[in-house]
Amino acid sequence: MVATHAGKPGGRRRLVVGNWKMNGTHEANNALLSALKGADLSASDVVVCPPTPYLCAVADLLAGSPVRWGAQDCSHHAPGAYTGEVAAAMLAELGCTFVIVGHSERRAMHAESDALVAEKAEKALDHGLVPIVCVGETLAEREAGATGSVVERQLAAVLDRLGDRISGCVVAYEPVWAIGTGKTASPDEAQAVHALLRSTLRDRSSSGEAVRILYGGSVKPENAAELFAQPDIDGGLIGGASLKASDFIAICRAAA
Ligand code: PGA
């Protein structure tokens, strides 16, 4: 279980997660992880999520380091005849602590529904993993004034399925229009959505205050500190900038 301290209401310890997406080679991973291991990142929880084929090697490389590792997705099925899928039980066996579920790229490119994402989160919890449940609106939804209703619907599907087990999850707010585009939600825009998510978590679960809510979408060393200073932003889910050691280390330090 990840330690908590009294830095934020609910004892929420800052968390920074690197989502490598479909990037990496053994050589690049070695270099990146050596740099992370050589930096003092102990002031917050730090996690890397490499592509699944690298998880074994990453587990070996990170042995003895406080940096944890996780996966970018898991199946909602138990092991069986599901070609190409990866079971949560297998990720747990590889020493994963976290697994991202419902990333917008999977919702959009693999037609993952809110209900499916909730099932994946449940499977992850069943195997002792912390699901990082991603929510976020598209540009069209934002322009239509639907940001609140979209993220509330996405979160409600998970709350309906998990109830108080939500305390074992992390939520990540990632506005789709900010992912990989260089456009970041302003700290105020992001905080407004985080506050909404926080109030739903609080209303629906006695442990809602303790659930960490990460912001993701073009987080960089230049904007990280201001985003993480917001009262309901407990860290970040970092894509592009997690592939460059100096940027990722700077972002982790901004969370400390
Ligand atoms: P980005 O991606 O930091 O490259 O915008 C974030 C994510 O998709 O998790």
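Source: prediction; values computed, not measured.

Conventions we followed
- Along each chain, the written sequence defines residue order, and numbers are assigned to residues from 1.
- Totals for whole chains, interfaces and linings use every residue, but because this is a predicted model, local features are given only for residues with pLDDT of at least 70 and side-chain atom pairs only at 80 or more, for both listing and counting.
- Calculated side-chain values reflect all of the structure's heavy atoms, with hydrogen atoms and water omitted.
- The way it works is that DSSP assigns letters per residue, a run of H or I at least four long becomes a helix, a run of E at least two long becomes a strand, and they are numbered from the N terminus.
- Only protein chains enter the accessibility calculation, which uses a 1.4 Å probe. A residue is then buried if its area is under 20% of the maximum for its type, exposed if over 50%, and partly exposed in between.
- Residues are treated as being in contact if the distance between any of their heavy atoms lies within 4.5 Å.
- Only heavy atoms are used to decide nearness, and a residue is near a molecule or strand if one of them lies within 4 Å of it.
- Here a polar contact means two N or O atoms within 3.5 Å. Within protein one must be a hydrogen donor candidate and the other an acceptor candidate, and residues neighboring in sequence count only if both atoms are side-chain atoms.
- To be clear on the numbers: accessible area is Shrake-Rupley with a 1.4 Å probe, and residue cover counts the displayed protein chains and nothing else.
- In the scheme used here, Gly and all other residues not listed as nonpolar or charged are polar, with Ala, Val, Leu, Ile, Met, Phe, Trp, Tyr, Cys and Pro taken as nonpolar and Asp, Glu, Lys and Arg as charged.
- In these notes, a set of buried Ala, Val, Leu, Ile, Met, Phe, Trp, Tyr and Cys residues joined through side-chain atoms within 4.5 Å is what counts as a nonpolar core.
- The criterion for strand pairing is that DSSP finds at least two bridges linking the strands in question.
- Simply put, an axis is a line fit to the C-alpha atoms, just over the touching stretch for a helix, and the angle between two N-to-C directions goes from 0 to 180 degrees.
- For this document, the term salt bridge refers to a Lys or Arg side-chain nitrogen within 4 Å of an Asp or Glu carboxyl oxygen.

Draft legend 1. Highlighting the environment of threonine 138. Tracing the backbone through its elements, the reader meets threonine 138 in the loop between strand 5 (130-135) and helix 6 (139-143). Assessed through its relative accessible area of 30%, threonine 138 is described here as partly exposed. In this structure, the C-alpha to C-alpha distance between threonine 138 and threonine 200, residues 62 residues apart in sequence, is 21 Å. Here threonine 138 is in contact with Val176 and Trp177, once residues within four sequence places are set aside.

Draft legend 2. The site of the ligand, seen in detail. Near the ligand there are 13 residues, and of these Lys21, His103, Glu174, Gly180 and Ser218 occur at the shortest range. Contacts to the ligand include lysine 21, whose side-chain N or O atom sits 2.7 Å from an oxygen atom. Contacts to the ligand include glycine 180, whose backbone N or O atom sits 2.7 Å from an oxygen atom. Notes on the ligand: free accessible area 280 Å², of which the protein chains cover 95%. Broken down by class, the residue content of the shell around the ligand amounts to four nonpolar, seven polar and two charged.

Draft legend 3. Region of interest: the environment of glycine 182. Note on placement: glycine 182 falls in the loop between strand 6 (170-173) and helix 8 (187-204). Note: C-alpha distance between glycine 182 and glycine 240 (58 residues apart in sequence) is 9.8 Å.

Draft legend 4. Quick look at the nonpolar core. If you look at the biggest cluster of nonpolar residues, it comprises 63 residues, and the most contacted ones within it are Val48, Leu197 and Tyr215. If you tally residues by element for this core, the top one is helix 10 (residues 245-255), at six residues. Each residue touching leucine 197, except ones within four places of it in the same chain, is listed here: Val135, Val151, Leu155, Val171, Tyr173 and Ile213. Formed by 13 residues, the second largest nonpolar core is a distinct cluster that contains Val17, Ile100, Cys134 and Ala172.

Draft legend 5. Broad picture of the sheet that holds strand 3 (residues 68-71). On the basis of which strands lie adjacent, the closed barrel formed by eight strands has the order 1-2-3-4-5-6-7-8 and parallel pairing. Taking each pair of neighbouring strands and ignoring which way they run, the sheet shows an average axis angle of 25 degrees. Two strands pair when backbone bridges link them, and strand 4 (residues 98-101) and strand 5 are joined in this way by four bridges, in the parallel orientation. Bridge pairing links valine 101 to valine 133 in strand 5. Of the strands in this sheet, strand 4 and strand 5 touch helix 5 (residues 114-126), which is tilted by about 165 degrees from strand 5.

Draft legend 6. Fine view of the pattern of salt bridges. Overall, the coordinates contain 19 salt bridges when judged by the stated rule. Between arginine 106 and glutamate 112 there is a salt bridge; the shortest N-O distance is 2.8 Å. Given a relative accessible area of 7%, glutamate 112 falls into the buried group. The partner of arginine 142 in a salt bridge is glutamate 189, and the shortest N-O contact between them spans 3.6 Å. With arginine 142 in helix 6 and glutamate 189 in helix 8, this pair connects stretches of sequence that are 47 residues apart. Of the residues examined, glutamate 189 reaches a relative accessible area of 33% and is grouped as partly exposed. A network of salt bridges, in which partner residues are shared, links Arg12, Arg198, Arg202, Glu209, Asp232 and Asp234.

These values are about where atoms sit, not about what they do.
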